[in-house]
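Here is what each chain is made of, one letter per residue.
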Amino acid sequence: MRKILLVWDVKSRGSPATLFYRALCGYDYETKSGRNHSPGILDEIPEDVWEFINRSTLLIEEEYAKMVERIFKEFAEHLVWYKFVVEEE
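Sequence order as written defines the numbering, with residues in each chain counted from 1. For a predicted model such as this one, the threshold for reporting local features is a pLDDT of at least 70, and the threshold for listing and counting side-chain atom pairs is 80 or more; totals across whole chains, interfaces and linings nevertheless cover every residue. Side-chain measures here rest on the full set of heavy atoms in the structure, leaving out hydrogens and waters.

Asks: Provide a residue-level description of the side chain of glutamate 61, including the pertinent values.
Replies: What counts as a helix is a DSSP run of H or I of at least four residues, what counts as a strand is a run of E of at least two, and both are numbered from the N terminus. Topologically, glutamate 61 is positioned in strand β5 (residues 57-61). The buried charged residue glutamate 61 lacks any salt bridge, with lysine 3 as its nearest oppositely charged partner at 5.0 Å. Residue contacts are defined here by distance: any two heavy atoms, one from each residue, within 4.5 Å place the two residues in contact. Every residue in contact with glutamate 61, bar those within four places of it in the chain, is listed here: Met1, Arg2, Lys3, Asp48 and Val49. For every residue, the accessible area (1.4 Å probe, protein chains only) is compared with the maximum for its type, and the residue is labelled buried under 20%, exposed over 50%, or partly exposed between those bounds. His is not counted, nor are the chain ends; Lys and Arg add positive charge and Asp and Glu add negative charge. The term salt bridge refers to a pairing of a side-chain nitrogen on Lys or Arg with a carboxyl oxygen on Asp or Glu at a separation within 4 Å.

So this is what it looks like as structure tokens:
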């Protein structure tokens, strides 16, 4: 199966950047009853189909890439991002 390499740079700081990473990865937060996790799009996808290469590079199977790309399109005004198709030999 082909994979997609997504590379991005967040142009904005503060809330837009935080909201982007929360939508992508989710976030943990404290409550009176303990710690909770608010899921991001990567929480909805099986862990064995995606891998962070570094903080701004994600390798993901093509089948699931469209789900993640929606987040990138939603935050397009705050990001510079590129999509590459990775073909295995």
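Asks: So what's going on with helix α1 (residues 15-25)? Residues and values would help.
Replies: Inspection of α1 places Ala17, Phe20, Tyr21 and Leu24 among the buried residues, and these make up the whole buried set. End-on, the buried residues of α1 take up no more than an arc of 90°, which puts them together on one face. Looking at the buried side of α1, the elements it contacts are β1 (3-10), β4 (50-54), α2 (62-74) and β6 (79-86). Of the residues trailing α1, glycine 26 is marked for its positive phi of about 80°. Directions are taken from the helix axis to each C-beta atom, and the arc is the one they span.

Asks: How would you explain the pairing of β5 if you had to name every residue and give the values?
Replies: A large share of β5 lies buried, amounting to five of its five residues. Because side chains alternate across β5, one face comprises the buried residues Thr57, Leu59 and Glu61, and the other comprises Leu58 and Ile60, equally buried. Two strands make a pair as long as DSSP finds a minimum of two bridges between them. In this structure, β1 lies alongside β5, joined through five bridges in antiparallel fashion. Within the sheet, the bridge partner assigned to isoleucine 4 lies in β5 and is isoleucine 60. Strand direction decides the pairing type here: β4 and β5, joined by four bridges, are antiparallel.

Asks: Tell me what's going on with the packing of aromatic side chains, and back it up with residues and numbers.
Replies: The relative placement of two aromatic rings is captured by the distance of their centres and the angle of their planes. For Phe, Tyr and Trp, rings pair up if their centres lie within 6.5 Å, where Trp contributes its six-membered ring, and each pair is then called stacked (planes under 30 degrees apart), edge-to-face (over 60) or tilted (otherwise). Counted under the stated rule, the structure contains nine aromatic pairs. Plain terms: the ring middles of tryptophan 8 and phenylalanine 52 are 6.3 Å apart, the flat faces sit at 65° to each other, and that makes the pair edge-to-face. Here tryptophan 8, found in strand β1, pairs with phenylalanine 52, found in strand β4; they are 44 residues apart in sequence, far enough to count as distant. Geometrically, the ring pair formed by phenylalanine 20 and tyrosine 21 is edge-to-face, given 5.0 Å between the ring centres and 70° between the ring planes. In textbook terms, an aromatic cluster arises when at least three aromatic residues are bridged by ring pairs, as seen for Trp8, Phe20, Tyr21, Trp50, Phe52, Phe72, Phe75 and Trp81.

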